[in-house]
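Descriptive analysis of the structure
Below, each chain spelled out in residue letters.
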4 protein chains.
Amino acid sequence: MNGDENRYHLYSVRARYADTDPMGIVYHGRYFEWFEAARTEYLRSMGLPYKRIEEQGISLPVVEAYCRYRRPVVYDESVRVKTVLKEASRSRIHLGYEVLGEEDDIVRVEGYTIHCYVSRNGRPIRAPKELFDFLNTLFSSTE
Amino acid sequence: MNGDENRYHLYSVRARYADTDPMGIVYHGRYFEWFEAARTEYLRSMGLPYKRIEEQGISLPVVEAYCRYRRPVVYDESVRVKTVLKEASRSRIHLGYEVLGEEDDIVRVEGYTIHCYVSRNGRPIRAPKELFDFLNTLFSSTE
Amino acid sequence: MNGDENRYHLYSVRARYADTDPMGIVYHGRYFEWFEAARTEYLRSMGLPYKRIEEQGISLPVVEAYCRYRRPVVYDESVRVKTVLKEASRSRIHLGYEVLGEEDDIVRVEGYTIHCYVSRNGRPIRAPKELFDFLNTLFSSTE
Amino acid sequence: MNGDENRYHLYSVRARYADTDPMGIVYHGRYFEWFEAARTEYLRSMGLPYKRIEEQGISLPVVEAYCRYRRPVVYDESVRVKTVLKEASRSRIHLGYEVLGEEDDIVRVEGYTIHCYVSRNGRPIRAPKELFDFLNTLFSSTE
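Given the structure is predicted, the values throughout are model-derived calculations rather than measurements. (Residues numbered from 1 in each chain as written. Chains lettered and ligands numbered in written order. Predicted model: local features only at pLDDT ≥ 70, side-chain atom pairs only at ≥ 80, totals over all residues. Heavy atoms only, no water.)

**Let's talk about the side chain of A:Thr40**
- Turning to its location among the elements, A:Thr40 is positioned in helix 1 (residues 31-45).
- Residue A:Thr40 is classed as buried on the basis of its relative accessible area of 10%.
- Here A:Thr40 is in contact with C:Tyr75 and C:Asp76, once residues within four sequence places are set aside. (Helix = DSSP H or I, 4+ residues; strand = E, 2+ residues; numbered from the N terminus. Buried < 20%, exposed > 50% of the residue type's maximum accessible area, 1.4 Å probe, protein only. Contact = heavy atoms within 4.5 Å.)

**Brief notes about the relation of the copies chain A and chain D**
- Superposing chain A onto chain D takes a rotation of 180° combined with a translation of 0.0 Å along the rotation axis, leaving an RMSD of 0.0 Å. Here the copies are linked by what is in effect a two-fold axis. No C-alpha of chain A approaches the rotation axis more nearly than that of A:Tyr66, which lies at 2.2 Å.
- The fraction of interface residues of chain A whose copies in chain D are also interface residues reaches 100%, indicating that both copies meet through the same surface. (Least-squares fit on C-alpha atoms with pLDDT ≥ 70 in both.)

**Brief notes about empty space enclosed by the protein**
- By the definition in use, this model includes six cavities of 30 Å³ or more.
- Space inside the largest cavity adds up to approximately 50 Å³.
- As for the largest cavity, its lining consists of A:Tyr27, A:Gly29, A:Arg30, A:Glu33, D:Tyr27, D:Gly29, D:Arg30 and D:Glu33. (1 Å grid on protein atoms, 1.4 Å probe; cavity = no way out; pocket = protein on both sides within 12 Å on 5 of 7 lines; lining within 4 Å. Points joined across faces, edges and corners; volume = space filled by probe spheres on them.)

**Focus: the confidence of the model for chain A**
Residue and element names in this part refer to chain A.
- Averaged over every residue, the pLDDT of chain A is 91; the share at 70 or more is 93%.
- In this model, residues 1-5 is a region of pLDDT below 50 whose contacts with residues beyond four sequence positions or in other chains number five contacts.
- As scored by the predictor, the complex reaches a pTM of 0.94 and an ipTM of 0.92. (pLDDT = per-residue confidence, 0-100.)

**Some thoughts on unusual backbone geometry**
Residues and elements named next belong to chain B.
- You will see that Asp76, though not glycine, has its phi angle at about 75°, which is positive.
- Relative to the assigned elements, Asp76 resides in the loop between strand 3 (62-69) and strand 4 (78-88).
- Among the residues examined, Asp76 registers a relative accessible area of 9% and is labelled buried.
- The phi torsion at Asp105 lies on the positive side, around 60°, for a residue other than glycine.
- Looking at the element boundaries, Asp105 is found in the loop between strand 5 (92-101) and strand 6 (107-119).
- Residue Asp105 is classed as partly exposed on the basis of its relative accessible area of 44%.

**Looking at helix 1 (residues 31-45) of chain C**
All names here are of chain C.
- Helix length check: helix 1, at 15 residues, gives a terminal C-alpha distance of 21 Å against a target of 21 Å (1.5 Å per residue), a fit within 8%.
- Counting buried positions along helix 1 gives 13 out of 15 residues, so the element sits mostly inside the fold.
- Phi for Gly47, located one or two positions after helix 1, is positive at around 100°. (Expected span 1.5 Å × (residues − 1).)

**Some thoughts on the pairing of strand 2 (residues 62-69) of chain D**
- Burial within strand 2 of chain D is extensive, with seven of its eight residues counted as buried.
- Relative to strand 2 of chain D, strand 2 (residues 62-69) of chain A is paired through five bridges, and the arrangement is antiparallel. Paired with A:Arg68 across the two strands is D:Glu64, which belongs to strand 2 of chain D.
- In this sheet, strand 5 (residues 107-118) of chain D lies alongside strand 2 of chain D in antiparallel orientation, the contact comprising seven bridges. What sits directly across from D:Arg68, in strand 5 of chain D, is D:Glu110. (Pairing = 2+ DSSP bridges.)

**What about the packing of aromatic side chains?**
- A full pass over the atoms with the stated rule returns 34 aromatic pairs over all chains.
- Pairing C:Phe35 with C:Tyr97 gives two aromatic rings, centres 4.2 Å apart and planes at 5°, and the pair type is stacked. One end of the pair, C:Phe35, is in helix 1; the other, C:Tyr97, is in strand 5 (residues 92-101), and 62 residues separate them in sequence. Per residue, the accessibility class of C:Phe35 equals that of C:Tyr97, and both read buried.
- Between D:Tyr31 and D:Trp34, the ring centres sit 5.4 Å apart and the planes meet at 80°, which makes this aromatic pair edge-to-face. Highlighted residues: D:Tyr31 and D:Trp34, both in helix 1 (residues 31-45), separated by three residues, approximately one helical turn. Each of the two residues, D:Tyr31 as well as D:Trp34, counts as buried.
- One aromatic cluster is present, formed by A:Phe32, A:Phe35, A:Tyr97, D:Phe32, D:Phe35 and D:Tyr97 through successive ring pairs.
- A cation over a ring is seen here: A:Arg90 above A:Phe132, with NZ or CZ 5.2 Å from the ring centre.
- We note C:Lys82 situated over the ring of C:Tyr8; from NZ or CZ to the ring centre the distance is 4.5 Å. (Phe/Tyr/Trp six-rings, centres within 6.5 Å; stacked < 30°, edge-to-face > 60°. Lys NZ or Arg CZ within 6 Å of the ring centre and 35° of its normal.)

What follows is the structure, encoded as structure tokens:
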């Protein structure tokens, strides 16, 4: 064990009726809500709830989002969303996601989101030093 | 023509894949989004966009919501949501809705929402006179 | 211990960004998704996943849904949805819900859903004996 | 006029409260629902409702989805989603989207979806000739 447990976070979620479409599978746009919940819990687990970032007047809006659907997640299926911090610079954050079967660990969906830093008035800003340093501990803790 | 056209408003909407569930019918919770869109267009058609009410520091949060599902709306079906102002007092607004088949005019779903008036700090308030008077024109114009 | 643990079920959920609206509170229509997840976990905890009911050719569509909003649930707030089986007859099921603050146990929202029994072809049916008996064990176990 | 009107389709939509988040802007995952509605209306306008494709036993599930968020769409803002068929081969369809301000025509969001052809049993198939030919008329009509 070398601290690798910090390199990713697992978020469990189960497909609701509300999440699924007439094919009986999770609607493709819904995965972005799971990604959101997954990265929020990741930040919380590292000691920095997203809400606290916002309280400091900083938001991390999504500037790019991508998803690749390999296998469907069906109604009532339980999966884990694995979140990885790919990159954190002073101007943006890049997170990767994999949706894995709870039982079989097979990849259902993979994707990413890219975020920038925005001040209370909606202007893009560079990451404040403390936030930037915090994000980098997510890497350094693994080395 | 006796002004009855003011007593209700019709909002057309079509069931998306995103709205429907594994039974191929609109998810029961989604109708409240249609009701929201319907009442928003009703207010706009009467000359008072909801956004303008909010700009004056007043919100109309939902305090009660109800739906009765008579017949399913299936994927890609086109329906009209009929909105009626049932009651507008100084403390609350009561709106009724019917979801009608575009072709057959048969009721699919009916429901209501009750709203109170809230100030910018989230406290319930009595309706300002101008707003109250406006809402009452929706009745008076029909008599 | 008198079996009271069977009279209700608690489902924990946290408000996502996707669940909340410009007021920073959970959108009123979203609670019905939480109610759905809550009753699904209730059935599962009692040994009868909803999915298995469907596999037997029976669906339990919502025929009525109601919600009363007492206090808002804000972004990132953690709550528990308490589900109670109010009534189960051969023709319908009535479930009640309370959304309670995780910390303070204060009621945020309360509501109910009423379901009927429907066969694979979409026709209302009377509850099969085994399902009816199962639902009634949820009561009897508390006496 | 050279038939260019076939190269794209415009779908009008207005941001609901249900679509927006605590920042008062449309939630990033919601745009995929607008893309879905936009491509559905595009197909319908060309004479081939998606529902009819499904009735022939063919589905077009999303295998990749991407979005780039340039400027936020705020609550109650009215926009047009411009859909363009980028590519249609025997194995996949590639559609591009732009969300444009109703008034200013400025790009808010752009993205794409890639779809494959799937038979009723969920297996990827090659596009049937008629469907493939139809999709190609969307190009040929512009030349």
